[in-house]
Amino acid sequence: MRKLTVSTLALALVAGAFFGAGTQSAQAQKKFISIGTGGPTGVYFVVGNAICRMIHRAAAEGRKKGRKHGIRCAAPSTGGSTYNIGQIRQGELDFGVAQSDWQYHAYNGTSKFKGNAFKKLRAVFSVHPEPYHIIVGKGTGIKSWADLKGKRFNIGNPGSGQRGTTEVLMAAYGTKKSDFKIATELTSTEQSKALCDGKIDAYGYTVGVPNAGVSIATDGCDAKIINLNTGVEKKLVDANAFYAFATIPKGTYKTTDADVTTFGVMATFITSADVPTDVVYEVTRAVFENLDDFRKLHPAFKNLDPKLMIKNALSAPLHAGAVKYYKEKGWM
Ligand code: GLU
């Protein structure tokens, strides 16, 4: 009995000390943050590492000017969108990059997340557009989705955004896995090499433009990106706010001899309501105060516009730390 009282009191004291110190203490507990990205040849990896770089720069400048935040950041390569969402939910990652379709489904408990909504998911901002690409090997004769029948098609690794979006497209076309000769589960890093080595005929990939991984296949072994603009994609775009038609412009890669029309999503930067307000505020601030440099770090970031980044393609509520910064700037 006595033991119980003591430990209850101890708990109360610890809780009091923690909550009593407020956000300052919460911030101090969260010096190291991790950002989930995607494969090392993808654009998410650049996003995550660019953000870490800006956070470290803000820290260095802060030390000179007496405005310390003390946050250190790492952005490891991961399996992609849905992996990042799952790890943020577990508290294993603090932030992540995820496709806008999977942000929507995770928050609303739809599609892959049916019966499993992640209500603490929070949006921070959106980043670059990500067209969904079907990349086909030279000499495979694949010109449309229907031609993938009987072919060796990479549907992507579980946890990647493209795996989910490919499954949505398969359902929309009424295509089953068994309709392909084989459905491989290669990662974004493996797929271009497999295509160039003749091990697969095509792969699906949701990624920013241009992308080093895609160019390994297009510029390296004459692979082509095909159009996806039939009634099936039109229906998907009409029914879902997180999809839009997108163009991969002529000349983007060696084999892009005409504009490619496909559908796509946006890359978004997400976190959890459990990540402290001060941490999200500092990360948001570091990004927007250094946006000119961010834009220069990858051609896909060239058109980043704060007014659009804070509202486009976000379906989970904004994190309070992001809102604090946007209000300070008069953007909200
Ligand atoms: N959209 C991909 C995914 O969600 C990642 C693309 C990239 O790494 O840039 O997994």
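Quantities reported herein were computed from a predicted structural model and do not represent experimental measurements.

Q: I would appreciate a short explanation of the pairing of strand β1 (residues 32–36) in the present structure.
A: Side-chain positions along a regular strand alternate between the two faces of the sheet. By the criterion of burial, β1 is predominantly enclosed, with four of the five residues buried. As defined by bridge partners, β1 adjoins strand β2 (residues 72–74) across three bridges and the pair is classed as parallel. The partner of I33 across the bridge, within β2, is C73. Remark: the β1/helix α3 (residues 43–65)/β2 crossover connection has right-handed handedness. Two elements, β1 and strand β3 (residues 95–99), share two bridges in a ladder whose sense is parallel.

Q: Is there a simple way to explain the side chain of H319 in this structure?
A: With respect to the element layout, H319 can be found in the loop between α12 (306–309) and α13 (320–328). Here H319 falls in the buried class, since its relative accessible area comes to 3%. Beyond its immediate sequence surroundings of up to four residues, H319 is in contact with R122, A123, T271, S272, A273, V275, P276, T277 and V280.

Q: Can you walk me through the pattern of salt bridges in this structure?
A: Where side chains of opposite charge bring their charged atoms close, a pairing between them can arise. Throughout the structure, instances matching the rule amount to 15 salt bridges. As a salt-bridge pair, K254 and D222 come within 3.5 Å of each other at their nearest N and O atoms. Of the two residues, K254 sits in the loop between β9 (244–248) and β10 (260–272) while D222 sits in the loop between α8 (212–221) and β8 (224–225), which places them 32 residues apart along the sequence. Look at K254 and you get exposed, because its relative accessible area is 58%. Given the relative accessible area of 29%, D222 is considered partly exposed. Between K329 and E289 there is a salt bridge, and its shortest N-O distance comes to 3.7 Å. In this pair, K329 sits in the segment after α13 while E289 sits in helix α10 (residues 277–289), placing the two residues 40 residues apart along the sequence. Assessed through its relative accessible area of 40%, K329 is described here as partly exposed. Under the relative-accessibility criterion, E289 is labelled partly exposed at 41%. Here the residues in one salt-bridge network are K112, R163, E167 and E185, joined through shared partners.

Q: Explain the site of the ligand here, please?
A: All residues in the neighbourhood of the ligand are listed as G42, V43, Y44, G80, S81, Q99, E130, S160, G161, Q162, T206 and V207. With respect to the ligand, the backbone of V43 contributes an N or O atom lying 2.6 Å from an oxygen atom. Here an oxygen atom of the ligand and a backbone polar atom of G161 are 2.8 Å apart. Here the ligand has 290 Å² of accessible area as a free molecule, and 99% of this is covered by the chains. Elements that contribute at least two residues to the shell around the ligand include exactly α3 and α6 (161–173). For the shell around the ligand, a count of residues per class yields three nonpolar, eight polar and one charged.

Q: Explain the packing of helix α4 (residues 81–90) against helix α5 (residues 100–108) here, please?
A: Any two packed helices are characterised by the angle at which their axes cross and by the distance between the axes. Look at α4 against α5: their axes get within 10 Å of each other, and the N-to-C directions meet at 40 degrees. When you trace α4 past α5, the crossing you get is right-handed. Taken together, the residues of α5 that come into contact with α4 (itself represented by S81, T82 and I85) are W102, Q103 and A106. Classifying every residue of the contact of α4 with α5 by side-chain character gives three nonpolar, three polar and no charged.

Q: Explain the packing of aromatic side chains to me, please; I cannot follow it from the model alone.
A: The description of an aromatic ring pair uses the distance of the two centres, along with the angle that the planes make with each other. In total, this model carries 20 aromatic pairs according to the counting rule given. Ring centres of W145 and F153 lie 5.8 Å apart, and the angle between their planes is 85 degrees; on these two criteria the pair is classed as edge-to-face. Overall, W145 belongs to the buried group, its relative accessible area being 4%. What makes F153 buried here is its relative accessible area of 0%. Each ring, one from Y243 and one from F263, has its centre 5.3 Å from the other, and the planes form 85 degrees; the classification is edge-to-face. Residue Y243 is found in the loop between α9 (231–239) and β9, and its partner F263 is found in strand β10; the two are separated by 20 residues along the sequence. When sorted by exposure, Y243 lands in the same class as F263, which is buried. Taken together, the ring pairs in this structure connect F95, F125, F269, Y281, F288, Y325, Y326 and W331 into an aromatic cluster. Here the guanidinium or amino end of K112 rests over the ring plane of W102, the centre of that ring lying 5.9 Å away. Its end group placed over the ring of Y107, K119 keeps NZ or CZ at 3.9 Å from the ring centre.

Q: I tried to follow unusual backbone geometry on my own but got confused; where do I start?
A: The phi torsion of most residues other than glycine is negative, and most of the peptide bonds are trans. A cis geometry characterises the amide bond from V209 onward to P210, with omega recorded as -5 degrees. Of note, the phi angle at S111 is positive, near 55 degrees, even though the residue is not glycine. Topologically, S111 is positioned in the loop between α5 and β4 (121–136).

Each value, and the rule that gives it
- Residues numbered from 1 in each chain as written.
- Predicted model: local features only at pLDDT ≥ 70, side-chain atom pairs only at ≥ 80, totals over all residues.
- Heavy atoms only, no water.
- Buried < 20%, exposed > 50% of the residue type's maximum accessible area, 1.4 Å probe, protein only.
- Helix = DSSP H or I, 4+ residues; strand = E, 2+ residues; numbered from the N terminus.
- Pairing = 2+ DSSP bridges.
- Right-handed = clockwise from strand over helix to strand, strands pointing away.
- Contact = heavy atoms within 4.5 Å.
- Salt bridge = Lys/Arg side-chain N within 4 Å of Asp/Glu carboxyl O.
- Near = heavy atom within 4 Å.
- Polar contact = N/O pair within 3.5 Å; in protein donor to acceptor, adjacent residues only side chain to side chain.
- Areas by Shrake-Rupley, 256 points an atom, 1.4 Å probe, with all protein chains shown as cover.
- Nonpolar A, V, L, I, M, F, W, Y, C, P; charged D, E, K, R; others polar.
- Axes fitted to C-alpha atoms, helices over the stretch in contact; angles between N-to-C directions.
- Left-handed = near helix turned anticlockwise from the far one by under 90°.
- Phe/Tyr/Trp six-rings, centres within 6.5 Å; stacked < 30°, edge-to-face > 60°.
- Lys NZ or Arg CZ within 6 Å of the ring centre and 35° of its normal.

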